[in-house]
Amino acid sequence: MAGDEIKIEDISKPSKQMIKLRLEDLMPLPPPYDKPGMEPELTDPKPEWREKYVTELDGYIAIDVPFKPKTKEEEEKLVKSFLEGLQKLVSKEGNWTFLQPLLLSLEYCAKCHTCSEACPIYVSSGRKEIYRPTYRAEVLRRIWKRYLTPAGKTFGKFVSGDIELNGTTIMRLAELAYRCTLCRRCTQTCPIGVDNGLITHEIRKLFSQEMGIAPKAIHELGTVQHLKVGSSTGMTPDGIKDIIEFIEDDIEEKLGRRIEIPVDEKGADILLIHNAGEFLSWPENPAAFAILFEEAGISWTLSSEALGYDGVNYGVWYDDVQLARIAVRHAEIARKLDVNKIVIGECGHAHKALTVIADRVLHDELNIPRESCLPILWDIVRKKKLNLDPEKNNFPVTLHDPCNIVRLMGIVEPQRKILKEICPQFREMSPNGVYNYCCGGGSGFAIMNSMNFPEWRAKVSVRMKCKQILSAFQDCIDPSIDKYVCAPCSNCKGAIRDILEHYQLTQNCSIYYGGLVELMVNAMVDLEEPFLEF
């Protein structure tokens, strides 16, 4: 099928692949990536993958668990299971989190397609029809109306629009739920407030909660491992204690004096929860927090209890039950430590999970105050609790706005006020703030690395962010000038790291990345050696 000729009902029609991506169709990138040969070509899926996994959508595999039916009986069972799950999804008893906004979004789409141009995946792909924000939503809408409403059962496609529910439809819809980062830029643009991001989330939820189908990275190796051993990284309570000791040693080496990081201190004002990925991949980030909080005289502690040192909650992307289990444990640990509030470190989805969505889960004694770190960090700078020298950060810096912190929560100004104070060459991406584009690693994409999904992420999902970064630095793109992308979110940093590696932006343009607190510490007058290492 040609990508620009595809209709909604085509999702049900058997074919090897609905679309095939080609490099020449993708959104062009700015110089120096406007020349042929600057980026790797696309590849085909391996033949053995086609036998076991769903490649019938676009040839890429996000769901790395085999669920393709091999017989007619298995296909009928898959269809029956899907319809039973959908029935629960649209019932009061079966959907205790998002029923009302889901039904409103299913009822009222005007099909004006205003949202399409707001979607970075749709635009980056060369406007492939299956990636349009309304495509997967309309598939679910037609199935719901035709197979579960009285009018649809009587009048069929005259009520719902044409669509057939078979194994091919279900397999492709499952994969299609993982071609959206849930950034909700489409929702922001919709003139009547239809939430296609939520519909995508609910499709994922149906497949996970009712059918046991979800990518291993966010389920088996994500929430399941988080609840079992204490962290989605696999880090145990003993492991976090060892890493904290390592960080203390590293701080002593850089500062010339030791800072004892508070752990399990009862009665502290703040329980600081990081994304545990920071401890393993970017230990300089929790180290910078420790330095700043110590210098600013803030009463705080970390937790070494299982789950208490990992703010990650992958349930927010696909499964409300897993979300609730983790959120409750975070609140219980804070109550046990008798802190006044939980503060979330530089992790966007942890912000969303614990400070926004968890409101639907945490009641009564578990409803402990939960806040972002960013206003606290701005307060440190604004009140001059540290002696900072902006000249120490006198290199080009741009800011990535994490969707969950900025568009969802409206925390826009603290981070850029800090950068304007401590980075003389700070420049904005365009667009920015609440209109920012996703890093491309949202909703679990940054950690989904099975088979050929990383290629789709690199070519389509992160492409708009790559374009934004290059555009922000066009006046200094020469590799002799070091440049810094500030991403105050662990997940976004992972995605930007992959952008730099895939497109070789560090080698070709001297572009580096990191968090916000690292820049703050780097500006400290008392620090003799640079905290940042380019």
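Residues numbered from 1 in each chain as written. Predicted model: local features only at pLDDT ≥ 70, side-chain atom pairs only at ≥ 80, totals over all residues. Heavy atoms only, no water.

**Section: the domain arrangement of the protein**
Line of reasoning, step 1. Each assigned domain of the protein is listed with its residue range as follows: domain 1 (8–213) and domain 2 (227–523).
Line of reasoning, step 2. Distance between the C-alpha centres of domain 1 and domain 2: 30 Å.
Line of reasoning, step 3. In this assembly, 50 residues from domain 1 lie in contact with 47 residues from domain 2.
Line of reasoning, step 4. Contact between domain 1 and domain 2 buries roughly 4,200 Å² in total, counting both sides, with carbon and sulfur atoms accounting for 61%.
Line of reasoning, step 5. Note that Arg463 is salt-bridged to Glu39, the shortest N-O span being 2.7 Å.
Line of reasoning, step 6. Elements supplying a minimum of two residues to the side of domain 1 that touches domain 2: α4 (120–124), α9 (185–189) and α10 (196–211).
Line of reasoning, step 7. In the side of domain 1 that touches domain 2, the residues fall into 30 nonpolar, 11 polar and 9 charged. (Domains from an automatic or database assignment. Contact = heavy atoms within 4.5 Å. Buried area = accessible area lost by both parts, 1.4 Å probe. Salt bridge = Lys/Arg side-chain N within 4 Å of Asp/Glu carboxyl O. Helix = DSSP H or I, 4+ residues; strand = E, 2+ residues; numbered from the N terminus. Nonpolar A, V, L, I, M, F, W, Y, C, P; charged D, E, K, R; others polar.)

**Considering the pattern of salt bridges**
Line of reasoning, step 1. Summed over all chains, the structure comprises 46 salt bridges.
Line of reasoning, step 2. Among the ionic pairs, Arg127 bridges to Glu117, the shortest N-O distance being 2.7 Å. Of the two residues, Arg127 is situated in the loop between α4 and α5 (133–148) and Glu117 in the loop between α3 (99–107) and α4; the sequence distance between them amounts to 10 residues.
Line of reasoning, step 3. Owing to a relative accessible area of 39%, Arg127 belongs among the partly exposed residues under this scheme.
Line of reasoning, step 4. Between Arg382 and Asp379 there is a salt bridge; the shortest N-O distance is 2.8 Å. Highlighted residues: Arg382 and Asp379, both in helix α18 (residues 374–382), separated by 3 residues, approximately one helical turn.
Line of reasoning, step 5. Overall, Arg382 belongs to the partly exposed group, its relative accessible area being 47%.
Line of reasoning, step 6. Here Asp379 falls in the buried class, since its relative accessible area comes to 18%.
Line of reasoning, step 7. A network of salt bridges, in which partner residues are shared, links Glu9, Lys111, Glu138, Arg141 and Arg142. (Buried < 20%, exposed > 50% of the residue type's maximum accessible area, 1.4 Å probe, protein only.)

**Brief notes about the sheet that holds strand β7 (residues 483–486)**
Line of reasoning, step 1. Strand order in the open sheet made by the 4 strands is β6-β5-β7-β8, with parallel pairing throughout. Two strands close off the open sheet at either side, each with one partner strand: β6 (426–427) and β8 (511–514).
Line of reasoning, step 2. Sheet topology note: the strand β5 (residues 397–399)/β7 ladder contains 3 bridges and is parallel. Across the sheet, the residue bridging to Leu399 is Cys486, located in β7.
Line of reasoning, step 3. Against the sheet, helix α23 (residues 490–502) contacts β7 and β8, and its axis sits at roughly 165° relative to β8. (Pairing = 2+ DSSP bridges. Axes fitted to C-alpha atoms, helices over the stretch in contact; angles between N-to-C directions.)

**A closer look at the packing of helix α2 (residues 72–89) against α10**
Line of reasoning, step 1. Look at α2 against α10: their axes get within 9 Å of each other, and the N-to-C directions meet at 115°. Judged by the sense of rotation from one axis to the other, the crossing of α2 with α10 is right-handed. Only Glu202, Lys205, Leu206, Phe207, Glu210 and Met211 of α10 make contact with α2, whose side of the interface consists of Leu78, Ser81, Phe82, Gly85, Leu86, Lys88 and Leu89.
Line of reasoning, step 2. By residue class, the composition of the contact of α2 with α10 is 7 nonpolar, 2 polar and 4 charged. (Left-handed = near helix turned anticlockwise from the far one by under 90°.)

**Description of unusual backbone geometry**
Line of reasoning, step 1. A cis amide bond links Pro31 with the next residue in sequence, Pro32, at an omega value of 5°.
Line of reasoning, step 2. Looking at the element boundaries, Pro32 is found in the segment before α1 (47–52).
Line of reasoning, step 3. Even without glycine at this site, Asp338 takes up a positive phi of about 60°.
Line of reasoning, step 4. Within the secondary structure, Asp338 is located in the loop between α16 (320–337) and β3 (341–344).
Line of reasoning, step 5. You can call Asp338 exposed: its relative accessible area is 54%.
Line of reasoning, step 6. A positive phi angle, near 45°, is found at Met451, a position not held by glycine.

**Quick look at the sheet that holds strand β1 (residues 270–273)**
Line of reasoning, step 1. Pairing is parallel in the open sheet, where 4 strands are placed in the order β2-β1-β3-β4. At either margin of the open sheet sits one strand with a lone partner, and together these are β2 (300–301) and β4 (370–372).
Line of reasoning, step 2. Where β1 lies against β3, 4 bridges are found, and the strand directions are parallel. Bridge pairing links Ile273 to Ile344 in β3.
Line of reasoning, step 3. Across the sheet, helix α17 (residues 348–356) touches β1, β3 and β4, and the angle it forms with β3 is around 160°.
Line of reasoning, step 4. In the packing of α18 onto the sheet, contacts are made with β1, β3 and β4, and the angle to β4 comes to roughly 55°.

**Quick look at a nonpolar patch on the surface**
Line of reasoning, step 1. A surface patch of nonpolar side chains, amounting to about 330 Å² of accessible area, comprises Leu104, Tyr108 and Ile192.
Line of reasoning, step 2. Positionally, Leu104 belongs in helix α3. (Patch = residues over 30% accessible without salt bridge, like charges linked within 9 Å, V, L, I, M, F, W, Y side chains within 5 Å. Areas by Shrake-Rupley, 256 points an atom, 1.4 Å probe, with all protein chains shown as cover.)

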